[in-house]
Amino acid sequence: MGDEISRRYNKVDDAFSQKRCLTWFHEYTTPDDPNTLGPEGMEKFCEDIGVEPENVAMLVLAYKMGARQMGFFTQSEWLKGLTDLQCDTAGKVQCKLDYLRNLLNDPNAFKTIYRYAYDFARDKDQRSMDIETAKAMLQLLLGKHWPLYAQFAQFLEQSKYKVINKDQWCNILEFSRTISNDLTNYDVDGAWPVMLDEFVEWLRLLRSQSTIS
């Protein structure tokens, strides 16, 4: 009988509770702004679920919430994302981290999250994303999967670019998926942004110099 009761209680505990989800949210907010989880709360939240704030799983979680600004979750974003994931405790979110990371293995989901990352990470006062933020985001999203990423980051380092616009951002993904590492299938007359024409030119020059030397 006792076992049956404890089993029933555990079952109740396992069921998602919006009330518990909200109570949990308020552990990370301040009395001044009870409806927004800000940078300090975010740090504590990341600690509780055991991931670094710059972990890619955090980006996917923010995407699930439809969060509009990096470093902040509003109460409605929190509820939307965590209701969808059926998580109302740190432990349940931990159990979903692999699921969140694995979403990036689906090419369509990856493309949607990649596009989302642009608006999420850019400064809302600016129409474009500053180059430092762009490099950090590209490292997070393409660093492991795009063999030319290191060269592209090097190219950005020495280039005149201070910002990246949305068209360039979307085309970088397209380029990383369709252009071979030896660049033989890159069409200079294609509809690529000037930035990518310059990257190809720069990389070809770099490679020809290293062959000569």
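Before any of the text, the structure's been laid out above.
Residues numbered from 1 in each chain as written. Predicted model: local features only at pLDDT ≥ 70, side-chain atom pairs only at ≥ 80, totals over all residues. Heavy atoms only, no water.

Undergrad: Requested: an account of the nonpolar core, with residues and values cited.
TA: Counting 71 residues, the largest nonpolar core has Trp78, Trp169 and Phe175 as the members making the most contacts within it. Counting contributing residues, this core receives three or more from each of domain 1 (1–105) and domain 2 (125–211). Contacts of Trp78, omitting those with residues within four sequence positions, involve Cys21, Trp24, Phe25, Tyr28, Leu37, Phe45, Met65, Phe73 and Thr83. (Core = buried A, V, L, I, M, F, W, Y, C linked by side-chain atoms within 4.5 Å. Buried < 20%, exposed > 50% of the residue type's maximum accessible area, 1.4 Å probe, protein only. Domains from an automatic or database assignment. Contact = heavy atoms within 4.5 Å.)

Undergrad: Quick one: what's the story with the side chain of Arg122, residue by residue and with numbers?
TA: Following the sequence through the fold, Arg122 ends up in the loop between helix H7 (107–121) and strand E3 (129–130). A relative accessible area of 19% means that Arg122 is categorised as buried. In terms of polar contacts, Arg122 uses its side chain to reach the side chain of Asp119, at 3.1 Å. (Helix = DSSP H or I, 4+ residues; strand = E, 2+ residues; numbered from the N terminus. Polar contact = N/O pair within 3.5 Å; in protein donor to acceptor, adjacent residues only side chain to side chain.)

Undergrad: Which residues make up unusual backbone geometry, and what are the values?
TA: With a phi angle near 60 degrees, Gln86 is a residue other than glycine that sits in the positive phi range. Inspection of the secondary structure assignment puts Gln86 in the loop between helix H5 (75–85) and helix H6 (90–102). We classify Gln86 as partly exposed; its relative accessible area is 44%. Even without being glycine, Leu183 reaches a positive phi, approximately 65 degrees. Tracing the chain through its elements places Leu183 in the loop between helix H10 (166–178) and helix H11 (194–212). For Leu183, a relative accessible area of 0% corresponds to the buried category.

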